[in-house]
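# Per-entry structural report
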Amino acid sequence: MRGAALAATTAATALLYRKLNPPPLETPKGDKLGNVSKPSSESASKGFTVREKLTALEDITNYNNFYEFSTDKGSVASEARNFVTKPWSVSVEGLVNKPGTFEIDELAKFPLDERVYRLRCVEGWSMVIPWIGFPLSKLLNIVEPNSQARYVAFQTLYDPKRMPNQQTSVLDWPYVEGLRLDEAMHPLTILATGLYGKTLPPQDGAPIRLVVPWKYGFKSIKSIVKMRLMAEEPPTTWSSYAPNEYGFYSNVNPSVPHPRWSQARERRIGEFSMRDTLLFNGYAEQVAHLYSGMDLRRYF
Ligand code: MTE
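Residues numbered from 1 in each chain as written. Predicted model: local features only at pLDDT ≥ 70, side-chain atom pairs only at ≥ 80, totals over all residues. Heavy atoms only, no water.

## Examining the site of the ligand
Spelled out, the test is: Near residues are defined by distance, with any heavy atom within 4 Å of the molecule or strand qualifying the residue. In protein, a polar contact means a hydrogen-donor-capable atom and an acceptor-capable atom, both N or O and within 3.5 Å, with residues adjacent in sequence counting only if both atoms are side-chain atoms; elsewhere, any N or O pair within 3.5 Å suffices. Under the convention used here, a 1.4 Å probe and the Shrake-Rupley method define accessible areas, while residue burial counts only the protein chains that appear. Under the scheme applied here, ten amino acids are nonpolar (Ala, Val, Leu, Ile, Met, Phe, Trp, Tyr, Cys and Pro), four are charged (Asp, Glu, Lys and Arg), and all others, including Gly, are polar.
In the neighbourhood of the ligand, 17 residues make up the surrounding shell, with Y67, E68, D204, R209 and K222 lying closest. A distance of 2.8 Å separates a nitrogen atom of the ligand from a polar side-chain atom of E68. Residue R209 places a side-chain N or O atom 2.7 Å away from an oxygen atom belonging to the ligand. Relative to its unbound accessible surface of 530 Å², the ligand loses 99% to contact with the protein. Across the shell around the ligand, the residue classes break down as eight nonpolar, five polar and four charged.

Here it is as structure tokens:
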């Protein structure tokens, strides 16, 4: 994100990073993928499947923002290739009736959907990614948020041995993010455990990451180990780093420029010409009601 302006203006960026080969992906077996739903027109109207050309797997897995491994998008895949994601558990705690710790194998048994979403990075590039995952609401309903819970805080693993760039102070670790509870419960908000029909590769946030398609990509926190239901808005990594540049909401909005660059247009990775950025990244029909009455310039 620090080199965002440069990235946003470099036409051949995606091609540059094709030089690295994606690591072999483990193919989920048995019912892990047996219950993936086929895209239907119903799924398109809910925003679950955009009918746009998919970004190449090679680009999705070799052009990454994952500062725990590298700040160089083209090096994340190689730096993360030996990342060990088993055993792994996710604890869900705070203002809930039934706090719990969920092993990754348990989470992998949740009925999985394929969701073809646009991902719009705050830096000005975008992709279309076929995720495999399940609605975050399914997990939250199990722990039963209590009546005081208004926000969900998310935390990435902190383990500088396994995530070597955490030995630097490029960001405050661990990476943290947050959503309002109604955003977290929205059917478009998923926890992804795979993409392109395969297990999530380390560089894309293995073994489990958040995907919130109407918000800038940095809200979609990777390699999650903890969620906490809270009454107050939780601190988030990028808004703590630069509060005037990255807001808590960070809804994709072409009319609200980043202080250092416009957000009106974007470059789809794999394409050369720019395209218009859509309000809420094209998901306005599904999510605009969450923000009715809110000044989106103030709550950027
Ligand atoms: N999560 C963690 N833990 N660390 C990160 O550096 N980068 C974010 C987000 N999640 C990031 C993260 C940013 S800026 C973006 S654009 C997306 O991940 C990129 O996801 P991708 O590499 O799978 O495309």
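## A closer look at the packing of aromatic side chains
The condition is simple: For Phe, Tyr and Trp, where Trp contributes only its six-membered ring, two rings pair if their centres lie within 6.5 Å, and the inter-plane angle classes them as stacked under 30 degrees, edge-to-face over 60, or tilted in between. Only DSSP runs of H or I covering at least 4 residues are called helices, and only runs of E covering at least 2 are called strands; the numbering of each starts at the N terminus. Only protein chains enter the accessibility calculation, which uses a 1.4 Å probe. A residue is then buried if its area is under 20% of the maximum for its type, exposed if over 50%, and partly exposed in between.
Applying the stated rule across the entire model yields 15 aromatic pairs. Plain terms: the ring middles of Y63 and W125 are 5.0 Å apart, the flat faces sit at 80° to each other, and that makes the pair edge-to-face. Of the two residues, Y63 is situated in the loop between helix 5 (57-60) and helix 6 (76-80) and W125 in strand 4 (residues 125-135); the sequence distance between them amounts to 62 residues. The burial state of Y63 is the same as that of W125; both residues are buried.

## Digging into the sheet that holds strand 5 (residues 151-156)
Sheets are built from strands that pair by backbone hydrogen bonding, the pairs being arranged parallel or antiparallel. Quick reminder of the rule: At least two bridges found by DSSP between two strands is the condition for calling them paired. The axes used here are C-alpha line fits, helices contributing only the stretch in contact, and every angle between their N-to-C directions lies in the interval 0 to 180 degrees.
Across the sheet, which stays open at both edges, the five strands sit in the order 2-1-10-5-6 with mixed pairing between neighbours. The open sheet has two free edges, formed respectively by strand 2 (100-103) and strand 6 (176-180), since each of these has just one partner strand. Here the average twist between neighbouring strands, direction ignored, is 15°. With five bridges joining them, strand 5 and strand 6 adopt antiparallel strand pairing. What sits directly across from Y151, in strand 6, is R180.

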